[in-house]
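Per-entry structural report
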Amino acid sequence: MIAAERTLLVLLAAGQSRRFGHADKLAVDFLGQPLALHVVTALAGVPFLQRVAIVSGTRIDFASHGYGEIVNPAPETGLSGSVRLGIAAAQALGASAVLIALADMPRVTAAHFRRLLDAADSVDAVIASSDGRHPSPPALFAAGCFDALLRAEGDEGGRALIRAGQHVVASPEELIDIDTPEDLEHLRALV
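About the cut-offs
Residues numbered from 1 in each chain as written. Predicted model: local features only at pLDDT ≥ 70, side-chain atom pairs only at ≥ 80, totals over all residues. Heavy atoms only, no water. Pairing = 2+ DSSP bridges. Helix = DSSP H or I, 4+ residues; strand = E, 2+ residues; numbered from the N terminus. Axes fitted to C-alpha atoms, helices over the stretch in contact; angles between N-to-C directions. Contact = heavy atoms within 4.5 Å. Salt bridge = Lys/Arg side-chain N within 4 Å of Asp/Glu carboxyl O. Buried < 20%, exposed > 50% of the residue type's maximum accessible area, 1.4 Å probe, protein only. Expected span 1.5 Å × (residues − 1).

1. Some points on the sheet that holds strand β6 (residues 97–102)
In space, the 7 strands of this open sheet follow the order β5-β4-β1-β6-β8-β7-β9, with mixed pairing throughout. The open sheet has two edge strands, β5 (68–71) and β9 (166–169), and neither has a second partner. The sheet shows a mean angle of 25° between the axes of neighbouring strands, direction not considered. Two strands pair when backbone bridges link them, and strand β1 (residues 7–13) and β6 are joined in this way by 6 bridges, in the parallel orientation. Bridging from a neighbouring strand, leucine 11 pairs with alanine 101 of β6. Sheet contacts for helix α2 (residues 79–93): β1, β4 (50–55), β5 and β6; angle to β1, the most-contacted strand, approximately 155°.

2. Thoughts on the pattern of salt bridges
Pairing between side chains becomes possible if they bear opposite charge and their charged atoms approach one another. Tallying each qualifying case throughout the model produces 3 salt bridges. For lysine 25, the salt bridge identified is with aspartate 179, shortest N-O distance 4.0 Å. Note that lysine 25 is positioned in the loop between β1 and β2 (29–30) and aspartate 179 in the loop between β9 and α6 (181–190), a separation of 154 residues in sequence. Taken individually, lysine 25 and aspartate 179 each receive the classification buried, so the pair is uniform in this respect. Because the salt bridges share partners, they merge into one network encompassing Lys25, Asp104 and Asp179.

3. Overview of α2
For α2, built from 15 residues, the straight-helix expectation of 21 Å at 1.5 Å per residue is met to within 8% by its first-to-last C-alpha distance of 22 Å. For α2, the complete set of buried residues consists of Ser80, Gly81, Ser82, Val83, Gly86, Ile87, Ala89 and Ala90. On its buried face, α2 sits against β1, β4, β5, β6 and α4 (146–150). Following α2 by one or two positions, glycine 94 has its phi on the positive side, about 75°.

4. Brief notes about the environment of valine 98
Mapped onto the secondary structure, valine 98 falls in strand β6. Among the residues examined, valine 98 registers a relative accessible area of 1% and is labelled buried. With 47 residues separating them in the primary sequence, valine 98 and cysteine 145 have C-alpha atoms 9.7 Å apart. If near-sequence neighbours (up to four positions away) are discounted, valine 98 is found in contact with Thr7, Leu8, Val10, Gly86, Ile87, Ala90, Ala139, Leu140, Phe141 and Phe146.

5. Topic: the pairing of β4
Counted residue by residue, β4 has 5 buried out of 6 residues, so it is predominantly covered. Note: β1 against β4, 6 bridges, orientation parallel. Along β4, the bridge assignment pairs valine 10 with valine 52. Pairing analysis gives 4 bridges linking β4 to β5, with the strands arranged parallel. The partner of alanine 53 across the bridge, within β5, is glutamate 69.

As structure tokens, this is what we get:
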């Protein structure tokens, strides 16, 4: 187990959301609050070492919710650029791990994040989420993986590490990732 108090929460909120259209996807209303604030609310009680949001172009004020904000100056280079910024912040803090969450996954719970932390048992641990078929974020990367993540490029980010890592299963409904307006409508239909 890696303690939350030694883990940096990295919230990825710098995607270009091309498939969603021109709206600020993270600010779109879902159940009375911006989409991105659902995961922020869900994780408010977890005592992470610190919390950072990697941002670019969203009008969501993560700082007012206790997050440091790191601007990704080149989101067009893919997910790995945001991951590298988060890993650099973790190294600067001396974190034992990073827990990477996506701001467009509004149904993920604190209990699931705690299960990821509980499953981490080494300095090289990679613990990803899975719907039972496909591994995905949220994912925990222990400090032994930081150098590999700093070398990642494009949209791969930590995908190869996630595929090879341990997987903690959650329901597909909890792991819904909102990429398109249709995804959001599907989610609204579920609730």
